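Chains, contacts and geometry: an overview
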Amino acid sequence: MIRIFKYLKSSFISIIVIVGLLILQASLDLKLPDYTSKIVNVGIQQKGVEDAASLVISKETMKNISYFLTEEEKEIINDCYKLNKVGKTDYKLNKKEEIYTLIEDNRKKASEILLEPFMILYTLENMDNEELKVKDGVSPLHFLPLLSEKDKKEILDKLDKIPDSTKMQTAILSVLNEYEKVGIDINSFQINYILKSGFVMLSVAFSIMIVAISITFLGSRLAARLGKSLRSQIFRKVMSFSKTEMKTFGTASLITRTTNDIQQVQGIIVFMMRIVVYAPIMAFGGIIKTYNASNSLIWIVGIAVICLFTMVGTLFLITMPKFTMLQKLIDRLNQVSREILTGIPVIRAFANEKYEEQRFDKANTDLTKVSLFVDRTMSIMMPTMMLIMNVVSVLIVWIGSYQIDKGLLQVGNMMACIQYSVHIIMSFLMMSMLSIMLPRANVSAKRIMEIIDTENVIQDPLKAQALDKSKKGVVEFKNVCFRYPDANEDVMTDISFVAKPGTTTAFIGSTGSGKSTLINLIPRLYDVTEGIITVDGVDIRKMKLKTLRDKIGFVPQKGILFKGTVESNIKYKSDNITNEEMENAAKISQSKEFINKLNKKYKSEIVQGGTNVSGGQRQRLSIARAIAANPDIYIFDDSFSALDFKTDVTLRSELKEVTKDKTVLIVAQRISTIMNADNIIVLDEGKIVGMGKHKQLLKNCEVYKEIAYSQLSKEEL
């Protein structure tokens with residue numbers, strides 16, 4: 001899988017942008033629970049007061065506070081607050097008096113210093129007068145100037161035993177009292193805080209949405225670009241495959257690797273782009289945030305993560321072997337489907353639909369069983385995860401409620417812990433899912449790289465040899481032997497002959513004698529096992545493949561046409577072929593008559609495989625395609641088999657004029673097709689058993705004679 005990443009080099013900038021956006025999204029996601037906590041704790045419970053740093057303090061209260069401050073602290077507070085003249089503040093006050101207002105930049109320092117003094121003031125203001133033995137209407141605050149330094153120290157020492165959360169809550173109550181004293185409308189203050197915090201939350205949520213959409217867009221583009229690159233690599237590689245590699249992989253497997261396997265890799269790349277950076281930040285960021293919100297609840301999250309990994313590890317061990325099977329079963333299904341669809345005419349002719357349905361059903365059932373097993377096993381994950389999440393939420397509420405009752409935790413903090421725990425569990429789950437998805441994608445990546453890394457049996461030479469112009473069009477076999485890959489013995493042995501321009505060399509023999517194999521060696525669809533084949537006086541293994549194949553016009557036995565028009569198929573070799581050359585090729589191949597009968601003539605549509613024209617018409621268009629290319633060497637692999645005798649004779653007669661200075665090689669089953677050839681080579685079990693002209697072979701080649709008399713009468717021969 002790692003080797004696939006090298007194809008992402010061109011998308012390096014996109015990856016950097018995605019990583020940056022993921023970090024931004026994670027940080028924004030982790031902020032939302034904080035805002036929820038603040039709205040509950042500050043906005044609702046504390047009526048908008050955030051801490052002990054009162055925004056406004058009356059002169060009287062400032063005086064009372066100063067009794068519990070050191071000289072150094074007094075100086076700091078003087079720097080944190082400024083005295084405003086009557087009515088000269090930013091706050092709407094009901095009372096017109098001089099007042100101290102907080103300088104916002106110093107808020108944190110002020111809160112730390114004022115925490116305990118405000119708590120003491122609130123406690124004194126709310127103490128029972130009978131307990132203090134003070135008359136009604138007389139505030140305990142009146143006695144503050146009478147307190148000795150020893151008394152102050154005792155009070156402050158006692159405060160050290162009180163939890164910070166309790167101190168803060170009490171101090172905030174004192175701040176609220178102060179706001180009432182100076183005439184601030186508490187309800188308006190509270191509503192403003194909630195609205196402001198709510199607007200910030202909405203802004204953060206909207207930002208998260210924009211960032212998430214951007215990440216998805218960029219990630220999808222990146223994965224699509226990777227898929228395109230891999231498909232191009234595979235296609236180019238497959239186009240260079242010889243028949244050996246095609247046989248090794250199989251058409252069905254190549255299709256699966258080009259489609260399904262690449263989709264698997266694309267999917268994991270998109271998933272990884274989102275998870276590899278985002279999930280760890282969310283998981284560890286959530287743990288830190290949970291600890292900050294309440295370190296006494298972090299153990300619940302720890303147990304949840306352990307349970308989650310135990311579940312995922314078990315599922316991983318169960319499903320891992322099945323992932324490897326899935327791709328092979330998809331290959332098998334594609335192979336069976338392709339074979340059945342290609343062979344439908346034969347299947348129907350033999351009324352064998354039931355058997356083929358059973359074959360398909362078996363391949364389909366095998367794939368379905370494995371897919372269902374994997375899907376059912378993986379489907380356990382989500383309900384189990386939801387159970388873990390719900391149990392965690394219940395535990396946090398249950399334990400948190402006791403801590404809230406004791407004043408050790410606030411409601412908002414408990415709610416934030418629940419949200420963080422969800423983030424943490426989801427993050428670890430996503431990382432676990434990645435570890436499960438990665439093996440299947442890894443199998444697909446290996447299958448893709450297997451094609452790309454395949455060393456072609458047939459390759460261009462490092463240095464091409466110059467062609468001999470004096471031997472232009474000459475094809476020569478010198479002691480050629482050939483053995484199919486993995487075969488135990490040669491299928492062709494000691495083949496030697498020369499085919500020159502202006503001559504026609506024909507090959508005939510019984511089925512399996514090696515005729516098609518022999519001519520497949522010329523364009524290097526296979527390479528010889530022993531011996532040499534030369535074209536233009538050069539060993540074809542020392543020529544560039546394009547140079548060699550540009551010299552050859554190859555017409556296979558099965559006429560293969562491509563989706564497009566009649567014109568695009570005849571001009572397949574080059575767009576530079578003129579209409580005149582195209583029409584001349586159609587005329588020679590005896591295609592012109594049926595083309596002119598089509599609605600749009602040369603612009604008429606040809607469907608995939610040419611199934612909207614007859615076999616004979618496909619064969620004639622294939623011949624026209626070779627003629628239009630105007631090569632030095634023509635190879636006809638039993639390319640006249642679908643033609644009637646009259647068309648065959650007319651076509652060969654006109655073809656002779658075109659190929660009078662070209663090298664022509666014909667494989668044929670019909671004697672009538674090759675009777676007039678300049679040189680007829682008779683093959684039997686991969687060996688040449690006769691060579692010469694028609695009349696010579698009738699006299700001295702028994703195999704040729706048997707074939708000839710089996711087709712035509714003595715008079716015709």
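Residues numbered from 1 in each chain as written. Predicted model: local features only at pLDDT ≥ 70, side-chain atom pairs only at ≥ 80, totals over all residues. Heavy atoms only, no water.

Let's shift gears to empty space enclosed by the protein. Counted according to the given criterion, the structure contains two cavities of 30 Å³ or more. In this structure, the largest cavity encloses a volume near 50 Å³. Around the largest cavity, the lining comprises ten residues; the ones closest to its centre are Thr61, Leu121, Glu125, Glu178 and Lys181. Secondary-structure elements contributing two or more residues to the lining of the largest cavity are α2 (59-66), α4 (107-125) and α7 (164-182). (1 Å grid on protein atoms, 1.4 Å probe; cavity = no way out; pocket = protein on both sides within 12 Å on 5 of 7 lines; lining within 4 Å. Points joined across faces, edges and corners; volume = space filled by probe spheres on them. Helix = DSSP H or I, 4+ residues; strand = E, 2+ residues; numbered from the N terminus.)

Here the structure, examined in full by the defined rule, presents 20 salt bridges. Glu605 serves as the salt-bridge partner of Lys563, at 3.6 Å between the closest nitrogen and oxygen. Of this pair, Lys563 sits in the loop between β9 (552-555) and β10 (564-565) while Glu605 sits in strand β11 (residues 605-606), and the two are 42 residues apart along the sequence. Across the pair Lys587 and Glu654 runs a salt bridge, and its minimum N-O distance is 3.5 Å. Of the two residues, Lys587 is situated in helix α19 (residues 579-588) and Glu654 in helix α22 (residues 645-658); the sequence distance between them amounts to 67 residues. Residue Lys587 is classed as partly exposed on the basis of its relative accessible area, which comes to 42%. Via salt bridges that share partners, Glu339, Glu356 and Arg359 belong to a single interconnected network. (Salt bridge = Lys/Arg side-chain N within 4 Å of Asp/Glu carboxyl O. Buried < 20%, exposed > 50% of the residue type's maximum accessible area, 1.4 Å probe, protein only.)

With that out of the way, let us pick up the nonpolar core. Nonpolar side chains in soluble globular proteins tend to end up buried together. Counting residues in each nonpolar core, the largest one holds 44 residues, and the members touching the most others are Ile570, Phe636, Ile680 and Tyr704. Among the elements that take part in this core, helix α21 (residues 615-629) stands out by supplying six residues, more than any other. Leave out the neighbours within four places in its chain, and Ile680 touches Ala506, Ile508, Ile674, Met675, Gly690, Met691, Gly692, Lys693, His694, Leu697 and Tyr704. Core analysis: the second largest hydrophobic core is formed by 42 residues, Ile18, Ile215, Ala416 and Ala441 among them. (Core = buried A, V, L, I, M, F, W, Y, C linked by side-chain atoms within 4.5 Å. Contact = heavy atoms within 4.5 Å.)

This paragraph deals with the packing of aromatic side chains. Taken as a whole and assessed by the stated rule, the structure comprises nine aromatic pairs. When the centroid spacing of 5.3 Å and the interplanar angle of 85° are considered together, the rings of Tyr484 and Tyr526 count as edge-to-face. Residue Tyr484 is found in the loop between β4 (475-482) and β5 (492-499), and its partner Tyr526 is found in the loop between α16 (515-520) and β7 (530-535); the two are separated by 42 residues along the sequence. Residue Tyr484 is classed as partly exposed on the basis of its relative accessible area of 25%. Measuring from centroid to centroid gives 4.7 Å for Phe562 and Tyr572, while their planes differ by 10°, and the two rings are stacked. Of this pair, Phe562 sits in the loop between β9 and β10 while Tyr572 sits in the loop between α18 (566-570) and α19, and the two are ten residues apart along the sequence. A network of ring pairs unites the aromatic residues Phe477, Phe497 and Phe507 as a single cluster. One residue, Arg625, lies across the ring of Tyr572, its end atom 5.9 Å from the ring centre. (Phe/Tyr/Trp six-rings, centres within 6.5 Å; stacked < 30°, edge-to-face > 60°. Lys NZ or Arg CZ within 6 Å of the ring centre and 35° of its normal.)

Turning our attention to α22. Between its first and last C-alpha, α22 extends 20 Å over 14 residues, near the 20 Å set by a 1.5 Å rise per residue. Considered for burial, the residues of α22 that qualify are Thr647, Asp648, Leu651, Arg652 and Leu655. Projected down its long axis, α22 carries its buried residues within an arc of 125°, all on one side. Summarising the geometry of α22, the exposed residues directed more than 90 degrees from the buried face are Phe645, Lys646, Ser653, Lys656 and Glu657. The inward-facing, buried residues of α22 abut α19, α21, β12 (633-637) and α23 (671-674). (Expected span 1.5 Å × (residues − 1). Arc of directions from axis to C-beta.)

Judged by pairing direction, the sheet is mixed, and its six strands sit side by side in the order β9-β12-β13-β6-β14-β15 without closing on themselves. Strand pairing shows two members of the sheet lacking a second neighbour, β9 and β15 (687-692), which therefore form its edges. Pairs of neighbouring strands in the sheet enclose a mean axial angle of 15°, with direction left out of account. As judged from the four bridges shared by β9 and β12, these two strands associate in the parallel manner. When the sheet's bridge partners are listed, Phe554 is paired in β12 with Ile635. (Pairing = 2+ DSSP bridges. Axes fitted to C-alpha atoms, helices over the stretch in contact; angles between N-to-C directions.)

This part takes up the packing of helix α1 (residues 12-45) against helix α10 (residues 251-293). Between α1 and α10, whose axes approach to 9 Å, the crossing angle comes to 30°. One finds that α1 runs roughly parallel with respect to α10. Crossing handedness for the pair α1 and α10: right-handed. Facing α1, whose interface residues are Ile15, Ile18, Val19, Leu22, Ile23, Gln25, Ala26, Asp29, Leu30 and Asp34, α10 presents Met273, Arg274, Val277, Tyr278, Ile281, Met282, Gly285, Gly286 and Lys289. For the contact of α1 with α10, the per-class residue count stands at twelve nonpolar, three polar and four charged. (Parallel < 35°, antiparallel > 145°, perpendicular 65-115°, else oblique. Left-handed = near helix turned anticlockwise from the far one by under 90°. Nonpolar A, V, L, I, M, F, W, Y, C, P; charged D, E, K, R; others polar.)

α7 packs onto α4 with a crossing angle of 75° between their chain directions and a minimal axis gap of 7 Å. Between α4 and α7, the angle falls in the class roughly perpendicular. Only Lys167, Met168, Thr170, Ala171, Leu173, Ser174, Val175, Asn177 and Lys181 of α7 make contact with α4, whose side of the interface consists of Ser111, Leu115, Glu116, Phe118, Met119, Leu121, Tyr122, Thr123 and Glu125.

So, about the side chain of Ser513. Mapped onto the fold, Ser513 is located in the loop between β6 (504-509) and α16. Polar contacts involving the side chain of Ser513 include one to the main-chain carbonyl oxygen of Ser510, which spans 2.8 Å. Every residue in contact with Ser513, bar those within four places of it in the chain, is listed here: Leu683, Asp684, Glu685 and Gly686. (Polar contact = N/O pair within 3.5 Å; in protein donor to acceptor, adjacent residues only side chain to side chain.)

Let us look at the environment of Asp361. Along the polypeptide, Asp361 turns up in helix α13 (residues 353-379). The sequence separation of Asp361 and Gln25 amounts to 336 residues, and the corresponding C-alpha distance is 47 Å.

Here we come to the sheet that holds strand β1 (residues 56-58). The sheet built from three strands is open, its strands ordered β1-β3-β2 with antiparallel pairing. The two strands at the open ends of the sheet, each matched to only one other strand, are β1 and β2 (81-84). Pairwise comparison of adjacent strand axes, ignoring direction, gives a mean angle of 30° for this sheet. Relative to strand β3 (residues 99-102), β2 is paired through four bridges, and the arrangement is antiparallel. Each residue of the ladder has a partner; that of Asn84, found in β3, is Ile99. Its contacts with the sheet put α2 on β1, β2 and β3, and the angle it makes with β1 is roughly 85°.

Summed over the entire model, instances satisfying the criterion amount to zero disulfides. Cys701 takes part in no disulfide bond, and the closest cysteine sulfur to it belongs to Cys481, at a distance of 20 Å. Look at Cys701 and you get buried, because its relative accessible area is 2%. (Disulfide = S-S within 2.5 Å.)

In this section: the environment of Ala628. Counting through the fold element by element, Ala628 comes out in helix α21. For the pair formed by Ala628 and Ile570, sequence separation is 58 residues and the distance between their alpha carbons is 6.7 Å. Beyond its immediate sequence surroundings of up to four residues, Ala628 is in contact with Ile570, Ile577 and Ala585.

Between the first and last C-alpha of α13 there are 37 Å, a value that for 27 residues agrees with the 39 Å anticipated at 1.5 Å per step. Within the sequence span of α13, burial applies to Glu356, Arg359, Ala363, Leu367, Val370, Val374 and Thr377.

Burial along β3 is two-sided: Ile99 and Thr101 facing one way and Tyr100 and Leu102 facing the other are all buried. Here β1 runs beside β3; their pairing, made up of three bridges, is antiparallel. Across the sheet, the residue bridging to Val56 is Thr101, located in β3.

Everything listed here is a matter of geometry and, on its own, says nothing about what the molecule does.
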